[in-house]
Amino acid sequence: MDASSPPDRRTIVATIRDYVEQLREEGMEGLPASASPTPRATPAASAPASIKPDAAPIPSELFSKYPGLEKTSTLDELREFIGDCQRCKLAPRRTNLVFGVGNPNAQLMFVGEGPGADEDARGEPFVGRAGQLLTDIIERGMGISRADVYICNVIKCRPPDNRNPEPDEVAACEPFLFRQIDIVRPRAIVGLGTFAVQAVLKVKIPISKLRGNWQDFRGIRFMPTFHPAYLLRTPGDKRLVWADIQEVMKYLGMPIPRRGGSAS
Ligand code: SF4
C-alpha cells in the first residue's frame, strides 16, 4: 500500500481497537452517554492487619463448577484435569491452550487477561512484545528470574481477533485460575490490566483508579497495575508500574535497586 492509499478495513479496525483499549486502560468504561463520575477504589496501600501471608485456602465454591477440580493438588494434576478443554466457545479456534508457566511454589504470581497470537502459537503466556516487557520488569527491574514467579491468564484460550473475553467464557475458565492460585498459594498477585483485575476482583472500577492500591483476593494481597501492552503504547506510564512493583517488592522483603531498576 502506498502512502496515498486509504487504509484497509482491518487496519482501521485494529487502530480503533487499540484506541478503545487505551481509553479503557486510562479509565474510560467504553464510550459513556453521560459523564457520571467513576467511583474511587478504597485505597489500602498500608497493609490491613487482616491480610496474612499464609492465607486460608480459597473457598471451594470458586471452583465447584467442575466436580473433581478441588481435588487437584498440583499444577500437573490441574493441567491434566483441564485436558483438551471444550468447555467454552473459545476452544475450536485456539492453536494451544495456554495454561501458565513458572515456579509452582512462587511467592509472586502475575495474572493477565488472556493469550494473544504469540502466546496461542507457543502455548506460553506473555511471550510476545508485551511479554518481553513483563520479563524485563521481572528480571531487570526486580532482579529475579522469570522462572522464579508464576505467570498465567484469566482465560486460557485466545479470543478471536484479540477481542475481550466474554462473560460466559470468563465464567467457564476462571475456576481454573482460582485453582491455580490455590495450588501455588503466592504471597502476592500482580493483576495486569483492566480486564484481569476486574475479572479477579469482580469490580467495575477502572485500572487507572485501582492501580497502586493493595487489594485483597481471598486473603492474598493483590496489586493491580497496567498491562505491559498498554505500556508499549504509553511508555510514560512505566514509572507508575515500577512504583507498583516496588510496593510488591517491599511487601515481599525484596531489596529495591537504588536507581535505574525499572525496565525501560
Ligand atoms: S478458555 Fe478456558 S474454558 Fe474455554 S476452552 Fe479454553 S480452557 Fe476451556
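About the criteria used
- Residues numbered from 1 in each chain as written.
- Predicted model: local features only at pLDDT ≥ 70, side-chain atom pairs only at ≥ 80, totals over all residues.
- Heavy atoms only, no water.
- Core = buried A, V, L, I, M, F, W, Y, C linked by side-chain atoms within 4.5 Å.
- Buried < 20%, exposed > 50% of the residue type's maximum accessible area, 1.4 Å probe, protein only.
- Helix = DSSP H or I, 4+ residues; strand = E, 2+ residues; numbered from the N terminus.
- Contact = heavy atoms within 4.5 Å.
- Pairing = 2+ DSSP bridges.
- Axes fitted to C-alpha atoms, helices over the stretch in contact; angles between N-to-C directions.
- Near = heavy atom within 4 Å.
- Nonpolar A, V, L, I, M, F, W, Y, C, P; charged D, E, K, R; others polar.
- pLDDT = per-residue confidence, 0-100.
- Polar contact = N/O pair within 3.5 Å; in protein donor to acceptor, adjacent residues only side chain to side chain.

1. Examining the nonpolar core
Link 1 in the chain: By size, the foremost hydrophobic cluster in this structure holds 69 residues, and its most contacted members are Leu108, Phe110, Val111, Val154, Ile181 and Phe217.
Link 2 in the chain: For this core, the element with the most residues is helix H5 (residues 167–184), which contributes 9 residues.
Link 3 in the chain: Excluding anything up to four places from it in sequence, Phe217 contacts Ile58, Leu62, Phe178, Ile181, Ile189, Val200 and Phe222.

2. With respect to the sheet that holds strand E3 (residues 150–153)
Link 1 in the chain: Strand order in the open sheet formed by 6 strands is E1-E3-E2-E4-E6-E5, and the pairing between neighbours is mixed. Every interior strand has two partners, whereas the edge strands, strand E1 (101–102) and strand E5 (215–217), have only one.
Link 2 in the chain: Two strands pair when backbone bridges link them, and strand E2 (residues 108–112) and strand E4 (residues 188–192) are joined in this way by 4 bridges, in the parallel orientation. If you follow Val111 over to E4, its bridge partner there is Gly191.
Link 3 in the chain: Lying on the sheet, helix H9 (residues 238–252) is in contact with E2, E4 and strand E6 (220–225); it crosses E6 at an angle near 165 degrees.

3. What about the site of the ligand?
Link 1 in the chain: For the ligand, the full set of nearby residues is Cys85, Cys88, Leu90, Ala91, Arg94, Leu97, Lys156, Cys157, Ala172 and Cys173.
Link 2 in the chain: For the shell around the ligand, the per-class residue count stands at 8 nonpolar, no polar and 2 charged.

4. Examining the confidence of the model for the chain
Detailed reading of the predicted coordinates is not advisable wherever pLDDT falls low.
Link 1 in the chain: When pLDDT is averaged along the chain, the result is 84; 77% of the residues meet or exceed 70.
Link 2 in the chain: The model gives residues 12–16 a pLDDT under 50, and that stretch makes 1 contact with residues more than four places away or in other chains.
Link 3 in the chain: Here residues 26–53 is modelled with pLDDT under 50, and outside its nearest four sequence neighbours on either side it reaches 34 contacts, counting other chains as well.

5. Looking at the environment of Glu61
Link 1 in the chain: With respect to the element layout, Glu61 can be found in the loop between helix H1 (9–25) and helix H2 (75–82).
Link 2 in the chain: Relative accessible area serves as the criterion here: at 51%, Glu61 is assigned to the exposed category.
Link 3 in the chain: Sequence spacing of Glu61 and Pro175 is 114 residues, and the spatial spacing of their C-alpha atoms is 9.2 Å.

6. Some thoughts on the side chain of Gln198
Link 1 in the chain: Mapped onto the elements, Gln198 comes out in helix H6 (residues 193–201).
Link 2 in the chain: When its relative accessible area of 11% is taken as the criterion, Gln198 is described as buried.
Link 3 in the chain: Of note is the side chain of Gln198, whose polar atom sits 3.4 Å from the backbone oxygen of Lys204.

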